[in-house]
Amino acid sequence: MAAGGNESYRHVCSGTRKSYIVAFNGYFTAKARSHFISSALRGVGAVNWRIMPRENPASDYPSDFEVVQIRQDAHSSLLTLQDHPYIKRVTPQRKVFRSLKLLAGDGGSSCNDTRWMQKWQSWQSSRPLRRTSLSLGSGFWHATGRHSSRRLLRAIPRHVAHILQADVLWQMGHTGSGVKVAVFDTGLSEKHPHFKNVKERTNWTNEKTLDDGLGHGTFVAGVIASMRECQGFAPDSELHIFRVFTNNQVSYTSWFLDAFNYAILKKIDVLNLSIGGPDFMDHPFVDKVWELTANRVIMVSAIGNDGPLYGTLNNPADQMDVIGVGGIDFEDNIARFSSRGMTTWELPGGYGRVKPDIVTYGSGVRGSGMKEGCRSLSGTSVASPVVAGAVTLLASTVLNRELVNPASMKQALIASARRLPGVNMFEQGHGKLDLLRAYQILYSYRPQASLSPSYIDLTECPYMWPYCSQPIYYGGMPTIVNVTILNGMGVTGRIVDKPIWQPYLPQNGDHIDVAVSYSPVLWPWAGYLAVSISVAKKAASWEGIAQGHVMLTVASPAENDSAVGAEMTSTVKLPVKVKIVPTPPRSKRVLWDQYHNLRYPPGYFPRDNLRMKNDPLDWNGDHIHTNFRDMYQHLRSMGYFVEVLGSPITCFDASQYGTLLMVDSEEEYFPEEISKLRRDIDNGLSLIIFSDWYNTSVMRKVKFYDENTRQWWMPDTGGANIPALNDLISVWGMAFSDGLFEGDFTMADHDMYYASGCSIARFPEDGIVIAQTLKDQGLEVLKQETAVVENVPVLGLYQTPSEGGGRIALYGDSNCIDDSHRQKDCFWLLDALLQYTSYGVTPPSILHSQNKVLPPTGTDGSLPERLEGNHLYRYSKVLEAHLGDPKPRPLPACPHLSWAKPQPLNETAPRYNARSL
């Protein structure tokens, strides 16, 4: 959220009145665009729609989009627009809210963010938390509830350009001259004394001013290019100031798109964007960023201020083609606020990429004041212009500017970065910016491909966490490493033939199998290489280290070669090193169900803890390496092996596992999954479910009003999808309720907090049920009344009756094992439940608890039903629309990896250098 300075909050609050962005599949004149739209809407009365005028510097040039206001019931008009051959996509025009919170280096004053403070009001917003400014402010402290990191903002002011030794390059005559750098922010006053080469100031807002009324844009521009007092990196660079936010902190997607188009026209070299948000499915925005980098614009963006939680990367910094920047303090500690990886685009079937790319100073940094003088700010929006300034300065040192592109610059930065000790790759990326080493690499750079990370070492801790945290073994789910291919040879490229797997026989490389999948086209400047690693059957009871490498060749069209079809090629090796152990016993193996977890984007999935109204979206991926990281680390410390199921329940061999762990599941279940799970449990698999709230009245209460379409945006499930879970467990006479409870209690001498959980409505009579006294939070939400309910069943344990059958444990709240908003952890309870499910040991503290009650029969109340008219089918992997009554899709095939044919090397593995470029 807002960070120490000001947070440019691309917080999309409400869309404009029935306004839509109509994107074309090319650039056309205003006349042609009008003609296309008119012909598409020929059957729609002219009084019912109009093209919105856009008066800004890009108006005189062809454009690839138009903003259309449709005044009637818009749905049929949208369909006719989308059917036009020249129209690529129609999306709602977003009103973007940016809440700037100034927090000076001396602690500053705080200004409370009241957006979510009204008690239990319906949230009136089109999409909250879209893209925010990434400097720190009071909203950050409000969002995390942790105050210890305030000391970061009191760091001694230091001139960051001098600390990074920019003066060495200045003395060599390099000062940024000839490099065009764009600052997309809040503007800059005309006669600011710190700047000598402001080439152009443009205004993209509906306010008639070019000046900065907030100070954020001035600070960012100063870090990049100030020539006096608090000096920037590149004082002679050509500054292009894009004012894309009003003094009321408002912007629109269309303003960004026009401004991005103008940046391409002006041949901008470096662009700093200190904003971000969780919506990596904001298609017009993401597409335009790709187009910018394809036009050789080096985009530098802040990774986000949602740390220390994992899975909190912001867009666009999480894109492969963008340089994503995290923050450190002047003692080289990762800033607490800096967002952590992994990327969550790839879930549930794949695995996230390494981000940030690089970290640098973002805490207590000095920059230009709004009118004059200097000030100190903190946040990743401060770290971003530090890297943008360094990139601008570095670009000016390269004689052949054709060599400088988004990939080559990122390659130089990450190959030269200094690794911070004791910090993993999802916190620091490749390490700390080292300006002079980056200069040395660029000085002798030759166009080539490279990999990020440049090697896979599952034995290297803590840098290669989480890979290094668990050895691999025969029969385990394949370990997936998502490597980014950077292609400095050209904006487009391809992998020649197929990547080759070469095991080193002296290093037992033949004990592992490797499969690779990869981008068919590398564009723009990058692509992915997914490496799946499994243990060969012959190593089922073997322990040791296995090594090999994946080798691939990247080809790109030779830009300056007159020969038709001429290509440049570059061959890279990815060293692989893994630790293998004998397959652990079934009782030690836990399978985490990732497949049935859904999150924002694309749909509105509300937070599991309804008290957290300032952060209402469930957007961290719900993965054991993101917001369930602490739980994962705890299970590993207890000796359990935790694997991830990224496909349906039909796709795993249950005889391998002791317990299936389902936490906070929002997805539906295929009928085949339900019947298979029942068979698996009959045959000895155990099941633990941590549920969450589900109440249709509360779901209607926490809706959003979307002014784009004049419609309310309803959540598609509650904290969890209780009706679907009940379908799964009904055969054992079990069900969760739609009750919604909150409160503190003690269980087995442990302090517990129940945060927006449900209760158990039905349970077998020979099961064990524990009840507690809790507050009725549903009543509080719906009627603002308080009531205490005694004997609320929260925990149930059951041994299924079949011979050798498994055990089932239900608990009504997942917040106590979720890092997102956890107040008191219940890892002890998870330990106790696993003792029960894996070994059949009923914890004495539960067996003899004074809070044991008779299991509820569920005869006195109906069970929760799905919200009528919900749109879960739009985002579900299980459901599809079916004449207004969503039905399950056909069960998908289970993933099948085609293992690479090994080409063994009878030679010793070389020592590899993580920095080679």
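Treat the numbers as computed from the prediction; the structure is a model and nothing was measured.

**Here we look at the environment of Phe245**
Along the polypeptide, Phe245 turns up in the loop between strand 10 (238–243) and strand 11 (250–252). Judged by its relative accessible area of 0%, Phe245 is buried. As a C-alpha pair, Phe245 and Trp204 span 41 residues in sequence and 7.9 Å in three-dimensional space.

**So, helix 14 (residues 671–682)**
The end-to-end C-alpha distance of helix 14 is 17 Å, a good match for the 16 Å that twelve residues give at a rise of 1.5 Å each. Where helix 14 is buried, its residues touch strand 29 (659–663), strand 30 (686–690), helix 16 (722–729) and strand 39 (807–811). Gly684 lies just past helix 14 and shows a positive phi near 115°.

**Re the nonpolar core**
Across soluble globular proteins, you tend to see nonpolar side chains buried next to one another. Met631, Phe690, Met747, Leu795, Tyr811 and Leu829 are the most contacted members of the largest nonpolar core, which has 79 residues in total. In terms of residue count, the dominant contributor to this core is helix 18 (residues 827–839) (seven residues). Residues within four places of Leu829 in sequence aside, it is in contact with Met747, Met752, Leu795, Tyr811 and Ile846. Counting 60 residues, the second largest nonpolar core, distinct from the first, contains Val181, Ile241, Ile334 and Leu377.

**Comments concerning the pairing of strand 27 (residues 589–593)**
The side chains of a regular strand alternate, first on one face of the sheet and then on the other. Among the five residues of strand 27, five are classified as buried, and the element is accordingly described as predominantly covered. Pairing geometry for strand 27 and strand 29, over three bridges, is parallel. Its bridge partner lying in strand 29, Val590 is registered against Thr659.

**Concerning the packing of helix 7 (residues 253–265) against helix 8 (residues 283–294)**
One can describe the packing of helix 7 onto helix 8 by two numbers: an axis separation of 10 Å at closest approach and a directional angle of 5°. The angle between the axes of helix 7 and helix 8 places the two elements in the roughly parallel class. Together, Phe256, Leu257, Phe260, Asn261, Ala263 and Ile264 of helix 7 and Pro284, Phe285, Lys288, Glu291 and Leu292 of helix 8 make up the contact between the two elements. Split into classes, the residues belonging to the contact of helix 7 with helix 8 amount to eight nonpolar, one polar and two charged.

**Comments concerning the confidence of the model for the chain**
Averaged over every residue, the pLDDT of the chain is 87; the share at 70 or more is 87%. Segment residues 1–16: pLDDT under 50, and 142 contacts once partners within four positions in sequence are set aside and those in other chains are kept. Throughout residues 706–710 the model reports pLDDT below 50, and contacts reaching past four residues in sequence, or to other chains, amount to 23 contacts.

**Focus: the sheet that holds strand 19 (residues 449–452)**
Overall, antiparallel pairing links the four strands, which are arranged 19-21-24-23 in an open sheet. Each end of this open sheet is capped by a strand with a single partner; those strands are strand 19 and strand 23 (512–518). Neighbouring strand axes in the sheet, compared pairwise and without regard to direction, differ in orientation by 25° on average. Pairing of strand 23 with strand 24 (residues 526–535) involves seven bridges; the strand directions are antiparallel.

**Some details on helix 13 (residues 629–637)**
Within helix 13 the residues assigned to the buried category are Arg629, Met631, Tyr632, His634, Leu635 and Arg636. Tucked inside the fold, the buried residues of helix 13 contact strand 27, strand 28 (641–645), strand 29 and helix 18. After helix 13 finishes, the residue Gly639 shows a positive phi value of roughly 90°.

**Describing the packing of aromatic side chains**
With the rule as written, the count across this model stands at 28 aromatic pairs. Aromatic side chains Trp465 and Tyr632 sit 6.4 Å apart centroid to centroid with 70° between the ring planes, which places their arrangement in the edge-to-face category. Highlighted residues: Trp465 in the loop between strand 20 (456–457) and strand 21 (479–487) and Tyr632 in helix 13, separated in sequence by 167 residues. For the residue pair Trp465 and Tyr632, the accessibility class agrees, reading buried in each case. Cluster of aromatic residues (ring-pair linked, three or more members): Tyr61, Phe184, Trp204, Phe242, Phe245, Phe256, Phe260, Tyr262 and Phe285. The ring of Tyr463 has Arg419 lying over it, and the distance from NZ or CZ to the ring centre is 3.5 Å.

**Some words on the state of the cysteines**
A covalent bond bridging the sulfur atoms of two cysteines is what the word disulfide describes. Evaluation of the coordinates by the stated rule reveals four disulfides. With a sulfur-sulfur separation of 2.1 Å, Cys816 is cross-linked through a disulfide to Cys826. A torsion of 55° about the S-S bond marks the disulfide between Cys816 and Cys826 as right-handed. Within this pair, whereas Cys816 is found in the loop between strand 39 and helix 18, its partner Cys826 is found in the loop between strand 39 and helix 18, the two being separated by ten residues in sequence.

**Comments concerning the packing of helix 13 against helix 18**
Running from N to C, helix 13 and helix 18 point in directions that differ by 50°, and their axes come no closer than 11 Å. With respect to each other, helix 13 and helix 18 are oriented oblique. Viewed along their axes, helix 13 and helix 18 form a crossing whose handedness is right-handed. Note on element contacts: helix 18 touches helix 13 through Phe827, Leu830, Asp831 and Leu834, opposite Asp630, Met631, His634 and Leu635. Here the residues of the contact of helix 13 with helix 18 sort into five nonpolar, one polar and two charged.

Criteria and cut-off values
Residues numbered from 1 in each chain as written. Predicted model: local features only at pLDDT ≥ 70, side-chain atom pairs only at ≥ 80, totals over all residues. Heavy atoms only, no water. Helix = DSSP H or I, 4+ residues; strand = E, 2+ residues; numbered from the N terminus. Buried < 20%, exposed > 50% of the residue type's maximum accessible area, 1.4 Å probe, protein only. Expected span 1.5 Å × (residues − 1). Contact = heavy atoms within 4.5 Å. Core = buried A, V, L, I, M, F, W, Y, C linked by side-chain atoms within 4.5 Å. Pairing = 2+ DSSP bridges. Axes fitted to C-alpha atoms, helices over the stretch in contact; angles between N-to-C directions. Parallel < 35°, antiparallel > 145°, perpendicular 65-115°, else oblique. Nonpolar A, V, L, I, M, F, W, Y, C, P; charged D, E, K, R; others polar. pLDDT = per-residue confidence, 0-100. Phe/Tyr/Trp six-rings, centres within 6.5 Å; stacked < 30°, edge-to-face > 60°. Lys NZ or Arg CZ within 6 Å of the ring centre and 35° of its normal. Disulfide = S-S within 2.5 Å. Left-handed = near helix turned anticlockwise from the far one by under 90°.

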